[in-house]
Structures are given as structure tokens and as C-alpha cells.
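Remarks on the overall topology
One-letter residues, chain by chain:
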Amino acid sequence: MKKDKQQNSRTSRREFIQKSMRLSMGIGLAAVGGLVAFRVHADDTVWQLDPFKCVACGRCADYCVMTPSAVKCVHAFDLCGYCDLCGGYLKPNANARSTAAENQLCPTSAIRRKFVEEPYFEYEIEEKLCIGCGICVEGCTAFGNGSLHLQVRHNVCVNCNECSIARVCPADAFQRVPTSQPYLIKGEWTKDQDKKKQSPTG
Amino acid sequence: MKKNPVHIILLLAILVGLAGFVYWFTTDPVKDLAVSVPGKDNRQKGNLIEEIIKIGEKFQLFGKASESSFVGTWPRFRGENFDNIVSEKQHLKDNWDAGEPEIKWSVELGEGHAGAAIYKGLVYVMDYDEESREDALRCFSLLDGKEIWRRSYGIHVKRNHGMSRTVPAVTDDYVVTIGPRCQVMCVDRKTGDYLWGIDMVKEYGSVIPQWYTAQCPLIDGNKVILAPAGSKLMIAVDLQTGEKIWECPNDLQYNMSHSSIMPMTLNGEKMYVYSANGGICGISASGDDEGTVRWYSNEWRFSVVAPSPLIFPDGRIFLTAGYGAGGMMIKVIPTGDSYQVDVLAEYKPKDGLACEQQTPVYYNGFVYGILPKDGGAYRNQLVCVSPDDVQKIRWTSGKVSRFGLGPYLIADGKMYILSDDGTLTMIKPDPNQYIQLAHKKLFDGHDAWAPLSISDGLLLLRDSKTMFCLDISE
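All values reported here derive from a predicted model rather than from experimental measurement. (Residues numbered from 1 in each chain as written. Chains lettered and ligands numbered in written order. Predicted model: local features only at pLDDT ≥ 70, side-chain atom pairs only at ≥ 80, totals over all residues.)

The helix and strand inventory of chain B stands at 2 helices and 34 strands. Dimensions of chain B along its principal axes, counting C-alpha atoms only, are 125 × 55 × 55 Å. Within chain B, residue pairs in contact and separated by at least 24 positions form 54% of the contacts whose partners lie at least 6 positions apart. (Helix = DSSP H or I, 4+ residues; strand = E, 2+ residues; numbered from the N terminus. Contact = placed C-beta atoms within 7 Å.)

Here you go:
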């Protein structure tokens, strides 16, 4: 009899703990959900830079609180000319149009060049290596279509109250944009204002 | 047995040290780094199957030219005197009213930047037909834009910032063209009959420049002067028969650029000047040493050169190119039987006159040109300099008057500048200030880079797909 009572008592404690855990997890999830819902509210904003104002000065690499910078190069493939001689990939007057380090403009080799078919080459950004220096953007803008451009990547950006890059941006290119439309991507479809602000992966 | 804590700590330290050593020994900290060496892009050599190109194989006759009283000519790239100044007397309007300048006609062309040559009421354009995949010399009526005939040949040219980009050279009897992939063709000017052809890639191993060649042929008397820059640097061909007159070996190992051959006379000697990829040279154009290199300089050494050399009467030559090259002024100085080349100025594009695609214009003692996008604060602005100091900008068109890579030309004391987007600006080329006379958006254009041509008060211009004829006469 005593043994049964002890067993009942032990069961009841386990249930109590289980219920408590469920309750606390439920409260936790609700709190996180609420917090997320609050954070992604349409009225919330995040930092982004307007690629049409950007002058590729290089300050995004130096002034971001993140190391490396949360500003990365993105590529608008619908703008790109897929040239063999790419002003964003090759140094001016490079010895050869090849993937040799001495010919590459990017200081971290963050641009991958792939042969498509004669005479076309595709250029992809390896985001892990990109430091947001904008050297390729300057080259692409000066000699190409401007398809390489900089964007604040929100998976890296900590969304400071006062963006340290925005404070020093000489072109006043940084601005707050709605959290629901956090990117200002160049491309053919940016002519349509409704589609102008979309995720580069979207 | 009593455990000594010191021994335990020592043992742990040894274990941690061992683990650390094994980790250090077995871990490669640079294993994720990729070595940047040539060939990582998997670049492949061109087509394995050689394309059979039969230059001038096809002909289409569409009708007769409309009767007109046109007698003017714009017979080649940069005009009669190679200066981009219309030498024939024109009476052109000083300003444009609401409906002016009138677009008299327009025709669709293949995507490209090929400009037109004009000869006595006929317009000649070296086009590329994307549907039939043909280089096509098309002859239009200047009066109404109707196509009269077309001489073409099959060749595969892929879109690469346009396809066609050369201006034919025209005489009273002949038209000579260079196609995007370096095929030279000569036809009868009036009938379009095929006369002869040269494949510079096949015969001379020419390397087709990036985005296809923009070299325009030069007709000098009864000779056609070409720069294959392959096994031979420059050749002269009989205009009538296509027979080779002389071939200058390419000992300098220059490559073909987008620049065109310009004639030069210095110290009584006539020469052909070619700004190649690799350097600039002067080839004798007459005498016993005709077809030999008289002087050269490898100081001007860039991989993409589009503008042609701007030659001054005293032996100075202004050179410019895009992609960060900037500008250079050289002087060819006679020294006994030979020449020496001195570099007078060399600078980056933000430090003086520089142009990316178009050749500047030398007019009444001053040089006019549009700075490239990497031209610093004056980027895309028209500037005026003296040839005595090409780094000192006399004036600029200002922040509100920026242009693109488009062409400019002078006629009747006025300069016409076409922006990339189809906006035409008319200015008075004054060495002391920028004087804008008129400005008009003509059409929604894209990459309007082809050279302009003017004859009989009509201006021919184009964007990447359409050619327009404007009436700019009084």
C-alpha cells in the first residue's frame, strides 16, 4: 500500500514537471513568436544602401561594426554583359584575361569566374570572402553595365540604431527601408517601382 | 592508493597538450583556400569545327534608288579628311523648333554600332542580320531609307555588346567593308557585285578583338590599307583586284585593336599610323621603303584601344583609350633617315583629356572630347583642351550636360553630340566656353555609339537597333 502511494506520488511529480515544461515552452514560443512578429512588423525598418547613389568609396568595408562588413557585393545577372574582359573582375590592363591572382581585381578573390560558352563568362560572388570594399563595383560601373553592386546583407547586419557606415557615407546612399522589403537590387525589373525592393534571393 | 592532485593536473595537462599537438599536426589551416591560377574558369578554346565562310556569296536586289539631287559624300570613318569634320559646305539650322529636327525615315538594323557611309544619295551600312546569321552590306536610298540591295555572307556572330561596328569605305566605284570577325569584302558601289574578299583571321591569323573588330578599312588611291596584326602587321591590297601589293611583317607582335589606320604626312613623307594592342607604329606609305615600319613606340601599350590616333601637323599624335588607360601625347621627330618617338605627356583619365570609344576632334586649333566614366569629377562631360597642354581643361560642359560613349561630329561650325539614350545636343565649338545651341531627346535609344555621318543637310545616326535620318538643314 505504501509502495503504491509512493509510486502514485512519483508519477504525479513527473506529470507536474512535464506540464510545467510544456507550459514554459509554450510561453517561450509565444514570446519569441510575438517578438518576431513585433520585429518584422511592416513599420519596422532596416538599413540598406541605394546602389544608384553608391560611389564605391570603400568605406563600407572599413566602418561597419561587423568584421568582415555586413555589406556585400551582389550581382544583377540580368544586367551583366557576361564579358570575357570584365572591368569588375580584371585589373585595368591585366596581363591576361585569366583567373590568375595577379589579374584579379578583388583583393580576396571573392568573385568566381566561369566559362559559359564562347565568348561569355559568368561571374558569381562568394559572399564568405567578400569584404564589401566595392573595388569590383567601381570597375564594373566605370567600364561595364554596373551589374555588380553593394547591398547590406541582413543575415549579417545587426541593424544598429545608428549605422556606422551611414554616418560616413559620402554619397548619402544609406537609408532605412521597410523590413518586409529589405533590398534595393539593380536589374531590368527595378524599373518597376513595385518590384524595386526585393530580396536578391527572392 | 592516494591520488595526488598534482599528478592528476599534470596528467590532464599532458593529455590536453597531446590533443592540441595532434590537432595542430593534423589540421591544415589553409585547406579551404583556393589557389588563384589561370584556367580555373574552365575556359575552352573556340570552335573545334572551322566555319566555312564564303565572303560575298549572297545578293538581294530590292529595287531602284529613288531619284534625288544629292551629290554630297561622307565616304568613310571620320569623313573625307579623317578629322570628323564635314568639309562640304552645309547650311544647317542653329536651333530647333518643337518639331525639329524632323526624322525623315528610320530603318531597323541588327544589334550593333556600325555607322553609315554616304555617297551621292546612297547610304552604305555594314550590318549583321541576326535572323539569317549574315554579315550584310546594305545599300539604302538617302532620300527615303528604302533598301536597294544587300550583299551578304553567312557567318556566326554572337551578341556581345552588339555585333556590327565598322564603317565602310566608299569611292566612286567601290565599297570596302570589314565584318565583325575580320572578313574584308569589296563590291561594286552601284551594282553591289562582289569583287574580292580577304579573311584576315584565316590568312593572317588575326586575333579578333574583344566585342569584335571596329577597324574601318582605309582606301588610299588604288590601295586598300588593312591592319590584320596577325602574321602581318599591315597590308596594302589592290582596290580593283584584291591582289596584295605589300605586306608588312608583324615583328612587333602587335594585336588588332578597335582603332583604325590614319594617314600622316611628316617631313614630306606619307605614313600610315596604327594604334594597335601593344603599341603604335608608322608604316611608310610611299617610296622604296613602302610597307616598312618607319617608327614605333611600345609606350602606348593597352589591351583595349578603341579611339584612333589624333594626328597634328607637327608630328604630335594624341592617343587615348578607356578601361583606365587615359591619354598620351607623343611626338614623332625626324632624325636623319629615321624617326624617334618622344612621350610628351602621359596620364590617367581623371588628369586630362581621355576618351573611351570615340576619337576626339581637332578643330580650329583646339581638341574636343568626352571624358570616360572614370574621368573623375568631369566624367562624361565634353571638354576642350589645347594640344599644347592636353591635361589643362579649358572648359567642361558642366554637371548638367553629361554625355555617354556616343559620337560627335562637326559640320557648318556646329558640333553634334549623341548621347547613349538618343538625345542629340548641338553646340558651338568655341575654345573659350561651352555654348549649347539646342538639345533634344529624339528617341528612346540604347547604346547609341555608332559614328555619325552628315551629307546634303541630312544627319544619319543610330542606336543599337535602329538607324534614323534627320533633316538638320535650314
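Picking up where we left off.
All names here are of chain B. Spatially, the 4 strands line up as an open sheet ordered β20-β21-β22-β23, and their pairing is antiparallel. The open sheet terminates on both sides in strands that have one partner only, identified here as β20 (310–311) and β23 (338–347). Alignment of strand β21 (residues 316–321) against strand β22 (residues 326–335), held across 6 bridges, turns out to be antiparallel. Considered in β22, the bridge of Arg-316 is made with Lys-331. (Pairing = 2+ DSSP bridges.)

What follows deals with the sheet that holds strand β25 (residues 366–370) of chain B. Residue and element names in this part refer to chain B. If you walk across this open sheet you meet the 4 strands as β24-β25-β26-β27, and the pairing is antiparallel. The open sheet terminates on both sides in strands that have one partner only, identified here as β24 (361–363) and β27 (389–396). Within the sheet, the average angular offset between the axes of one strand and its neighbour, ignoring direction, is 35 degrees. Of the pairings in the sheet, the one linking β25 to strand β26 (residues 382–386) comprises 4 bridges and is antiparallel in character. Along β26, the bridge assignment pairs Gly-369 with Val-383. (Axes fitted to C-alpha atoms, helices over the stretch in contact; angles between N-to-C directions.)

Residues Tyr124(B), Met234(B), Val273(B), Tyr416(B) and Leu460(B) are the most contacted members of the largest nonpolar core, which totals 130 residues. In terms of residue count, strand β5 (residues 122–129) of chain B provides more of this core than any other element does, 6 residues in total. Apart from residues lying up to four places away in sequence, Tyr416(B) is in contact with Tyr408(B), Leu409(B), Leu424(B), Met426(B), Leu452(B) and Leu459(B). Core analysis: the second largest hydrophobic core is formed by 41 residues, Val152(A), Cys163(A), Ala173(A) and Tyr183(A) among them. (Core = buried A, V, L, I, M, F, W, Y, C linked by C-beta atoms within 7 Å. Buried ≥ 20, exposed ≤ 12 C-beta atoms within 10 Å, placed from the backbone.)

On to unusual backbone geometry. The amide bond that connects Thr67(A) to the next residue, Pro68(A), takes the cis arrangement and shows omega of -5 degrees. Looking at where Pro68(A) falls in the secondary structure, it is placed in the loop between α2 (59–63) and β2 (71–75). In this structure, Pro101(B) follows Glu100(B) across a cis peptide bond, with omega equal to -5 degrees. Looking at the secondary structure, you find Pro101(B) in the loop between β2 (73–74) and β3 (102–108).

Another point: the confidence of the model for chain B. When pLDDT is averaged along chain B, the result is 95, and 99% of the positions lie at 70 or above. Predicted as a complex, the structure gets a pTM of 0.85 and an ipTM equal to 0.77. (pLDDT = per-residue confidence, 0-100.)

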